[in-house]
Amino acid sequence: AHISRNNACTLENLGKVMDENGITGMVVLPIYPYVSFEDVLKASQVDSRIIPFTAIDYRLGKDAGKKLLEDVKQGAQGLKIHSIIQSKSLLDEDTIEALRYWQETDKPVQPHLGVYYYYPPEDRNRYRPEFGKYEDFRQLYQMFPDIKFIAAHSAGFEWHRLIEDGKNLDNLYIDLSFVSRVQLRTYLKKWPAERLLFGSDWPWGNPEITLKVIDLTVKSHNVKEMLLYKNAKRLLGIK
């Protein structure tokens, strides 16, 4: 089922999903070594609605940070880190070194958040689920207060902790993929609406569902606009 879902992630299917849901811009997140920044950049040249992020290529070692700066020159609008699939802790020396370069860009970072199991038990050596734990993410955003971090997947199962730890931190945002109505109502009460971002995690999530949750839960038209696109445009510097 996982393989089938991944195989559905084609440029044509992405365009269809965007058309069906009235989406005019979609951030696409690469994960080295499976999908590269160059792959996403080429896709954005075919469909201008695609907003490319880059990722840390750990195969480059200490030069990974320099590569990130080159990617920004080529059009990368943000950085994705998936510590579980890339088998590198958020607190690994190579990650920290790359972020020291990245903080020069003033562009956001979206680390994966949450302990998840992607492979069957016989392939457990291919990834590190424990690298998605909240404590690592918390240390990272405290270590780099000048970098804007996006907590992925509505902060996963740690959303209550994230609210208490990060509600007053201007550099911390939340991506609303997989958000429930209970979570969203709580966020709107306890978290600044200016730091909430529409997300779907397509093809693993369906943007139609997140859009429906926002439509049913958010009463203010202005707040809906903030969540759906205004906050993201401001964060990414899009006119």
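Remember, predicted model here, so these are calculated numbers, not experimental data.

Draft legend 1. Quick peek at the side chain of Thr 217. Here Thr 217 shows up in helix H10 (residues 207-217). Owing to a relative accessible area of 8%, Thr 217 belongs among the buried residues under this scheme. Here Arg 181 takes part through its side chain, which lies 3.0 Å from a polar atom of the side chain of Thr 217. For Thr 217, the side chain forms a polar contact with the main-chain oxygen of Val 213, separated by 2.7 Å.

Draft legend 2. Spotlight on the packing of aromatic side chains. Within the structure shown, the criterion is met by 6 aromatic pairs. On the basis of an interplanar angle of 65 degrees and a centroid distance of 6.3 Å, the ring pair of Tyr 118 and Tyr 127 is categorised as edge-to-face. For the pair formed by Tyr 118 and Tyr 127, the shared burial category is buried. Relative to Phe 149, the ring of Phe 137 lies with its centre 6.3 Å away and its plane at 90 degrees, an arrangement referred to as edge-to-face. Of the two residues, Phe 137 is situated in helix H7 (residues 134-143) and Phe 149 in strand E6 (residues 149-151); the sequence distance between them amounts to 12 residues. Just as Phe 137 is buried, Phe 149 falls in that class too. These aromatic residues form a ring-pair network of at least three members: Tyr 118, Tyr 119 and Tyr 127. In this arrangement the basic side chain of Arg 195 is found over the ring face of Trp 191, its NZ or CZ atom lying 4.8 Å from the centre.

Draft legend 3. Region of the structure containing the environment of Ile 31. Along the chain, Ile 31 falls in the loop between strand E1 (26-28) and helix H3 (37-46). Each C-alpha atom, one on Ile 31 and one on Leu 79, is 9.9 Å from the other, the two residues being 48 residues apart in sequence. Discounting chain neighbours no more than four positions away, the residues touching Ile 31 are Ala 55, His 82, Ile 85 and Gln 86.

Draft legend 4. How the structure looks around the side chain of Arg 195. Relative to the elements of secondary structure, Arg 195 occurs in the loop between helix H9 (181-190) and strand E8 (196-197). The charged side chain of Arg 195 is buried without a salt bridge, its nearest counter-charge being Asp 170 at 4.6 Å. For Arg 195, the side chain forms a polar contact with the main-chain oxygen of Lys 167, separated by 2.4 Å. Those residues in contact with Arg 195 that lie beyond four places of it in its chain are Gly 166, Lys 167, Asn 168, Leu 169, Asp 170, Leu 172, Tyr 173, Ile 174 and Asn 231.

The rules behind each value
Residues numbered from 1 in each chain as written. Predicted model: local features only at pLDDT ≥ 70, side-chain atom pairs only at ≥ 80, totals over all residues. Heavy atoms only, no water. Helix = DSSP H or I, 4+ residues; strand = E, 2+ residues; numbered from the N terminus. Buried < 20%, exposed > 50% of the residue type's maximum accessible area, 1.4 Å probe, protein only. Polar contact = N/O pair within 3.5 Å; in protein donor to acceptor, adjacent residues only side chain to side chain. Phe/Tyr/Trp six-rings, centres within 6.5 Å; stacked < 30°, edge-to-face > 60°. Lys NZ or Arg CZ within 6 Å of the ring centre and 35° of its normal. Contact = heavy atoms within 4.5 Å. Lys, Arg positive; Asp, Glu negative; His and termini not counted. Salt bridge = Lys/Arg side-chain N within 4 Å of Asp/Glu carboxyl O.

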